[in-house]
Amino acid sequence: MNTELIGVAVTYLATLLLAIPLAQLMAACFRDKPEPNSRPAMGFMAPLERLIYRIAGIDPDRPMNWKENLVALLTINALWFVYAFFMLLFQDKLPLNPDGNPAMTPDLAFNTAISFMVNCDLQHYAGETGLTYLTQLGVINFLMFVSAATGIAALMLMVRAFRPERTELSGNFYVYFTRAITRILLPGSLILAFFLTLNGVPASFDGEGQFASIEGDTVHVSRGPAAAVIAIKHLGTNGGGYFGANSAHPLENPTYGTNMVELMAQVLLPIALLLAFGYLINRRRFIWVVFGVMTTGFLLLVIPTLMTEYSGSPALANLGLAQPTGAMEGKEVRFGPLSSAYWSIATTAISTGSVNSMHDSSMPLSGAFQLLGMMTNAFYGGCGVGFLNYFYYLIIAVFIAGLMVGRTPELFGRKVEAREIKIASLVALLSTLLIKGGTALAAWLVVQHPEVVGPLVSVHDASNASHADHYHGFTQMLYEFTSANANNGSGFEGLNDNTLFWNVATGFVLLLGRFIPIIGPLTVAGLLANKKYVPATSGTLPTDTATFGLMTLAVILIITALSFFPVLVLGPLAEYFTPR
Amino acid sequence: MVQNQSAPNLFRHHVLRSAIRESFVKLNPVSLIKNPVMFTVEIGTLIMFLVTGYIALSGDSTQGSLIYNALVSVILLLTVLFGNFAEAIAEARGKAQAESLRQTRQETPAKIVATGRGNNPSGNAYTLVSSARLQKGDVFICEPGDIIPADGEIIEGLATIDESAITGESAPVIREAGGDKSSVTGGTKVLTDYIRVQVTTQPGESFLDKMIALVEGASRQKTPNEIALTILLAGFTLIFIIVCVTLKPFAQYAHTPMTVAALIALFVCLIPTTIGGLLSAIGIAGMDRALRANVIAKSGRAVETAGDIDTLLLDKTGTITIGNRRATHFYPAPGVLPIDMVRVSALSSLADETPEGKSILELARTGEFGAELMPKLSTRGAKPIKFTAQTRSSGVDLGTQRIRKGALDAIRSLVEQAGNEFPAATDEQAKAIAANGGTPLVVTENEQVMGVVELQDIIKPGIAERFERLRKMGVKTVMVTGDNPLTARFIAEKAGVDDYIAEAKPEDKMHYIRQEQANGKLVAMMGDGTNDAPALAQADVGVAMNSGTQAAKEAGNMVDLDNDPTKLIEVVEIGKQLLITRGTLTTFSIANDVAKYFAIVPALFITSIPGLQALNIMRLHSAESAILSAVLFNALIIPLLIPLALRGVAYKPIGASALLRRNLLVYGLGGVMVPFVGIKLIDVVVGLFF
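Residues numbered from 1 in each chain as written. Chains lettered and ligands numbered in written order. Predicted model: local features only at pLDDT ≥ 70, side-chain atom pairs only at ≥ 80, totals over all residues. Heavy atoms only, no water.

**Observations concerning the overall build of chain B**
To keep it simple, the criterion reads: Under the scheme used here, helices are H or I runs from DSSP no shorter than 4 residues and strands are E runs no shorter than 2 residues, and both carry numbers assigned from the N terminus. With C-alpha atoms as the basis for the radius of gyration, the globule rule is written as 2.2 Å multiplied by the number of residues raised to the power 0.38. With a 1.4 Å probe rolled over the protein chains alone, any residue whose accessible area is under 20% of its type maximum counts as buried; one over 50% counts as exposed, and the rest are partly exposed. A contact between two residues is defined here by any heavy atoms of the two lying within 4.5 Å.
Looking only at helices and strands, one finds 24 helices and 21 strands in chain B. Over its C-alpha atoms chain B spans a radius of gyration of 34 Å, topping by over 25% the 26 Å that the globule rule assigns to 690 residues. Oriented by its inertia axes, the alpha-carbon framework of chain B measures out at about 115 × 60 × 45 Å. Burial status across chain B gives 57% buried among its 690 residues. Residue pairs in contact within chain B that sit at least 24 positions apart in sequence constitute 70% of those at least 6 positions apart.

Next up, the structure:
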């Protein structure tokens, strides 16, 4: 067990060590004006970028204001949705389909296209049978790159709001977006995919393989260009598995070594991007405080989950069974419960949503922590968008704290006024509305019109279901909407989610849960950047202190707790307190 | 000022009675909708009364007992009333304050003259009218013993005036036509002499009237920070609407019956009613506190802005130093007897009416030769020589004796023109005095240098500490003075101001303010003269002295009735207090929700999910008792916090981070803990019945 714990600690620490130099590299990639006497990082990609700009008719030197950038971001995403939707709808008629997989139904294609466009990767299908090699690469793999790059570019559009110069401009979205792919995601994914291939992950265009098992059965094994998808799936915090079982699948995540690397890959960019952002805004102390808050929040979720999974299932303990290896239900033997517990929090806090164990089988309290990871969605958070989520908590924290020290609240020399508060409040409100509204709708339908929702697996035989099963069913619904809103994509499997209701309902939640938390913070940043800069005095509230960090953490925890306490009580806590 | 502070207590019963009446009047939804938090509570109350009525009529018991529902309804109504009461009492106190000022000027007879400057200079021809009928532009006269009937400007004459009715200061002040001290305020009393005054305001628009309108709430507008906070609170309210509305289907799924009372109680407990109920009271109390400091703020916004001030412009004279410069030393020239030097200096100042001149006489009288010299001094046959811009010296001619005193270079040319030598030792002494922040005055007799008198500014005791306090608040202080840069720097260093403007002309102030504002700073200044008006208007907070000209008072956004230049420091603290009180009570209100969740949520579901008893960490007696206790606590905390809201949370200049830490600990952590204790205590009692 100690070895497992060391494995988790080493994975986390190695991620941090790797993130710091990567952050410096990324800051250099995105700096608008390279520092004197230094060549722009990854400059060898410049010719490729110029080619892209020329083909797309983009003027990379054109300064754009925040509104133009937002329009560009939204338009380009809308185009991908249309493209992806029709590709999925007609994939059976298109080439590269050696296994003869069928087309998607319109509602499933709608859900899947949105899901991958918004970096969520909620999968209401299994990759082996639901997609073709063409759509795996041309839709899934493509959207994984562009959705991650959209998040990174959105973060870069925030930089100007934190700098002293008053400006209406916020950089050029197209340039940030292109560089995110050419200089970071593409090279990173190539290295990662190469490593995965060496460790046994398939990378071929051959159809499914066959072998005879020891029992003498003929087993069909799906294969394909998996390594390419799996690399960006983690690096871009996408999380959509090539195979249905995601990273619990032996071909998607063959060894403890690949497990560590995939874990590191998904945590790496969110941390490195945060630090790079600190270099770009030239406020390192502030960003280390943000990092401290995020890390504290992250550890507050990881540590109790590790403890819960380590102590095993109380139901089994009641039967007198010893569980020396912790809770093993739903876990892969090659990873063990601790690595799986850590993964389950990393993937939910960071909005990757890939899994190496089944969250449905986690202990009830672990389920609560996984949910909390997605509900806060700001402890590191997704690729680029993690800080955007943190930002609206920051605005609220700065406002209340500013009042408490007796000055009109200001953030980095810009006054925070009614308009900014209105937007931040609305964004904070949105996640409550989408998650609780969606779950309430589902709960109401389960009671009144169960045929619409489809059966909840754990309670479909109502006469036989225990109370605890009933609460578990509630958690499944809650988890699905939480995952959709947080653009996470992991599932509390066991929910029969490929139905019209779930496909459409989560589709809309995905869209709103992705773009409102991008539009809101970018608007606030645009407004702030255009305000007069007030230099700090000793009466100004410093935002780069541990005290203010604590304040922000308290705001995050209180807003999350106040919004979601009742549903957590009715789902995982009810299950936890009710003996089976 | 002392009178004014005690005034509200005199009216205490009156204040309470009118506040209670107002609490009910304010239930009117049309006025309550401005406060979204309390408005939703009122809607909840209405629903609860309907439910209670329904139970009473139908005898339906699925919603809980009649008495329980009635109790919840009444407590909710109390919550709204308490919030209204907080606002009403703040308004009533302000009104009482204003009333006590207004009483001094009710229906005073005015001696009105037909035209501005009549043919009759003695001004005896007047008609008596009521002060209420005075129009802007009318001219009235005042004689000793008269109460000045309206705000106005003296156009002729000079008078000593007792302003204690307004300022509380018993020492009479002098007001005269022309210059910066020409303004008189209605309600003050003329003690001596005769003045003609032109009315400067329409009836009902004087400063007092404006102030009364402000505190009566009629023209009170929400300040920018208050609007932003209201939006944030509305946001929280919306979140809790979602939380409570979705609970109904969740309860259905969990096969739990959910009563209307429970849902509404949870909702009212969760929304920030504490700060929602106290918010407007805090704003009114802030202006009221400014009023108690004898500062009339023209808007709440001005008080709030004062808390944000980065730069403070202060006139040297009267603010940093006591009045004018005073003589501190006589330095005889080489070969001149000290006693002769003192004698000549005293003679030179006998006809000098300036404060500096008087201080030279004062020093001569109290010095070592005083007893010997002073009786012998005679001005018989003396011909005083006035200061002119050409000679830049003054003095006296006594027969053949020509005594002069003046600035170093003026006297030097005088002496050298007469062919005499200017002693090097005196020159050095004069320069040494200047370098020490003093002003050297060289004295001559018959164009022979007798010596040099040192004039020094006396810095007000305790002023350095006040500047230190301002520095800790993050406010930069700037001294404005007409002195030369050398003197200015010396005094600036000694008093501890951060910057100074030397040899300042009015446009220099303006320039400085603009420059600071261009750097994003908020600037406050105090002024009284007409030539200060543009700068007062340009400054973010301009405090005009009540003794100042009408133009200055109109340009500023605050008027200081005490004419006390250090008042700005208090105003800054009042502004900060206002924001801090809002911030801390918001934090407290939201932190309270944690305990309320732990009280109510287990209570809601405990019948269908018995395991949730584990979450009932307060061990509340029953579900009904838990809900009643939480709602009751939620209502009672509002009146308990009214004194704090009115008094304001203290501001301590200990640095922003330390202040945040302190307030987070007291109001954040305290806000989490207090309701656990409070709800448990109430439950002990309520649990006996439910």
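**Section: the interface of chain A and chain B**
This is how it is decided: Accessible surface is computed with a 1.4 Å probe, and the buried area is the amount of it that two parts give up when combined, taken over both parts together. What counts as a salt bridge is simple: a side-chain nitrogen of Lys or Arg found within 4 Å of a carboxyl oxygen of Asp or Glu. Contacts described as polar in this section are N or O atom pairs within 3.5 Å, which, within protein, must combine one atom able to donate a hydrogen with one able to accept it, while residues neighboring in sequence count only if both atoms come from side chains. Classes in brief: Ala, Val, Leu, Ile, Met, Phe, Trp, Tyr, Cys and Pro nonpolar; Asp, Glu, Lys and Arg charged; the others, Gly included, polar.
Of the residues lining the interface, 64 residues belong to chain A; the matching set on chain B comes to 62 residues. Both sides together, the interface formed by chain A and chain B hides about 5,200 Å², and carbon and sulfur atoms give 75% of it. Interface area lost by chain A to chain B is led by A:Leu403, A:Met404 and A:Leu562, which between them contribute 14%. Here chain A is connected to chain B by 1 salt bridge. One salt bridge in this structure joins A:Arg407 and B:Asp310, with 3.1 Å as the shortest N-O distance. One can count 12 residue pairs in polar contact (both at pLDDT 80 or more) joining chain A with chain B. At the level of elements, α14 (385-404), α15 (418-448), α17 (467-485) and α19 (546-577) of chain A are the ones that each hand at least two residues to the side of chain A that touches chain B. Of the residues forming the side of chain A that touches chain B, the biggest block, 17 residues, is contributed by α15(A). Looking at the side of chain A that touches chain B, its residues break down into 42 nonpolar, 17 polar and 5 charged.

**Considering the state of the cysteines**
Defined simply, a disulfide is a covalent bond joining two cysteines at their sulfur atoms. Formally: The rule for a disulfide is simple: a pair of cysteine sulfur atoms within 2.5 Å.
The final tally for this structure, using the stated rule, is 0 disulfides over all chains. No disulfide involves A:Cys383; its nearest neighbouring cysteine sulfur is the one of A:Cys29, lying 13 Å away. Since its relative accessible area comes to 2%, A:Cys383 is described here as buried. Free cysteine B:Cys269: the closest other cysteine sulfur is in B:Cys244, separated by 9.6 Å. By relative accessible area, B:Cys269 is classed as buried at 0%.

**Quick notes on the UniProt feature "active site" (unreviewed entry) in chain B**
Residue and element names in this part refer to chain B. Put simply, the rule is: UniProt positions are given in the numbering used here, feature names are shortened, and annotations may be inferred rather than shown by experiment.
In the numbering used here, UniProt assigns the feature "active site" (unreviewed entry) to Asp315. Tracing the backbone through its elements, the reader meets Asp315 in strand β10 (residues 311-315). Under the relative-accessibility criterion, Asp315 is labelled partly exposed at 25%. In contact with Asp315, not counting residues within four places along its chain, are Ile320, Val480, Lys509 and Met526.

**Notes on a nonpolar patch on the surface**
The condition that has to hold: The patches described consist of residues with a relative accessible area above 30% and no salt bridge, like charges being joined within 9 Å and nonpolar side chains (Val, Leu, Ile, Met, Phe, Trp, Tyr) within 5 Å. Values of accessible area rely on a 1.4 Å probe in the Shrake-Rupley scheme; residue burial ignores everything except the protein chains shown.
On the surface, A:Leu48, A:Leu51, A:Ile52 and A:Ile55 cluster together into a nonpolar patch covering about 360 Å² of accessible area. You can see A:Leu48 is positioned in helix α2 (residues 46-56).

**Re the pairing of strand β20 (residues 541-545) of chain B**
Residues and elements named next belong to chain B. To be explicit about the condition: DSSP calls a pair of strands paired once it identifies at least 2 bridges connecting them.
With 5 of its 5 residues buried, β20 lies for the most part within the structure. Burial along β20 is two-sided: Val541, Val543 and Met545 and Gly542 and Ala544, pointing in opposite directions, are all buried. As judged from the 4 bridges shared by strand β19 (residues 523-527) and β20, these two strands associate in the parallel manner. Along β20, the bridge assignment pairs Gly527 with Ala544.

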